[in-house]
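Here is how the chains run, residue by residue.
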Amino acid sequence: MSNPYEDVDAEDFADIAKGFNFNSPHLGKVDFPDQFVADYVSEVLRGVDWLETEIGYSVARFASGAVICGPAMLLGPRHIYSINRILDESLYVEKGAIILPPGYYVVAECYDDSGTVYLTINLDQGGGDYGKIFFWRKAHDALGTGDNTDPPAFAADTLGAYFAGLKTEAEAQAELVRLNRP
């Protein structure tokens, strides 16, 4: 199936945010919260070069331990669609198994020392975390097995709060040291 969002620019995300259709039984059709859409478009239009500002680091507090994540790159609509579809249809797991925790959708990616960490949004409208942003370490194994045993780690209440809370690398390193003290 072709990507229905192939020609949609990130600036136009508001036009497709309600009823965003992943054309997949596991992912379905979702509604991105208005606050997320406003924060997303604002960040895209701002176009900050994190390398110039040196403020772009965050600390992901996974159950297996905290890690420093480099600057997050928001994905455009076509990539939000394709990354989530790829994770949903992984060739690495048995047919019918899932990789990405239900209700979570990848919207950005960043990196730590051991690989890709995704920023996800919780789009489960029936839960208390709807619209909140979480870190999730890219995995290849089925949910709860192998490299996919860490649950998503809370990042921020909103995408705007995530970006407002970014740190310099030195500040992130200091937080990591503080978190790792006995």
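The structure this text deals with has already been given above.
Novice: What is the right way to look at the overall build of the protein chain in this model?
Specialist: The helix and strand tally for the protein chain stands at 5 helices and 10 strands. Against the compact-globule benchmark of 16 Å for 182 residues, the protein chain has a radius of gyration of 16 Å, which places it among compact chains. Expressed as a percentage of the 182 residues in the protein chain, the buried residues total 46%. Here the analysis covers contacts within the protein chain between residues at least 6 apart in sequence; of these, 57% occur between residues at least 24 apart. For the protein chain, the accessible area works out to roughly 9,400 Å², and carbon and sulfur atoms hold 50% of it. On the protein chain, the mean spot of the 13 positive side-chain charges and the mean spot of the 28 negative ones are 5 Å from each other.

Novice: Explanation requested: the pairing of strand S8 (residues 133-137) in the structure shown.
Specialist: A regular strand carries its side chains on alternate faces of the sheet. Among the 5 residues of S8, 5 are classified as buried, and the element is accordingly described as predominantly covered. Here S8 shows no split at all, with Ile133, Phe135 and Arg137 on one side and Phe134 and Trp136 on the other all buried. The sheet contact formed by S8 and strand S9 (residues 153-156) spans 3 bridges and is antiparallel. Bridging from a neighbouring strand, Phe134 pairs with Phe154 of S9.

Novice: Whenever I open this one, the sheet that holds strand S4 (residues 65-69) confuses me. Can you help?
Specialist: Backbone-to-backbone hydrogen bonds join strands into a sheet, with any given pair of strands oriented parallel or antiparallel. Taken in spatial order, the 3 strands of this open sheet run S4-S3-S10, and their pairing is antiparallel. Either end of the sheet is taken by a strand with one partner, and the two such strands are S4 and strand S10 (167-168). By the bridge criterion, 2 bridges tie strand S3 (residues 55-62) to S10 in an arrangement that is antiparallel. Within S10, the residue paired with Ile55 across the bridge is Thr168.

The rules behind these values
- Residues numbered from 1 in each chain as written.
- Predicted model: local features only at pLDDT ≥ 70, side-chain atom pairs only at ≥ 80, totals over all residues.
- Heavy atoms only, no water.
- Helix = DSSP H or I, 4+ residues; strand = E, 2+ residues; numbered from the N terminus.
- Rg over C-alpha atoms; globule rule 2.2 N^0.38 Å.
- Buried < 20%, exposed > 50% of the residue type's maximum accessible area, 1.4 Å probe, protein only.
- Contact = heavy atoms within 4.5 Å.
- Areas by Shrake-Rupley, 256 points an atom, 1.4 Å probe, with all protein chains shown as cover.
- Lys, Arg positive; Asp, Glu negative; His and termini not counted.
- Charge placed at Lys NZ, Arg CZ, Asp CG, Glu CD.
- Pairing = 2+ DSSP bridges.

None of the figures reported here should be taken as evidence of function without further support.
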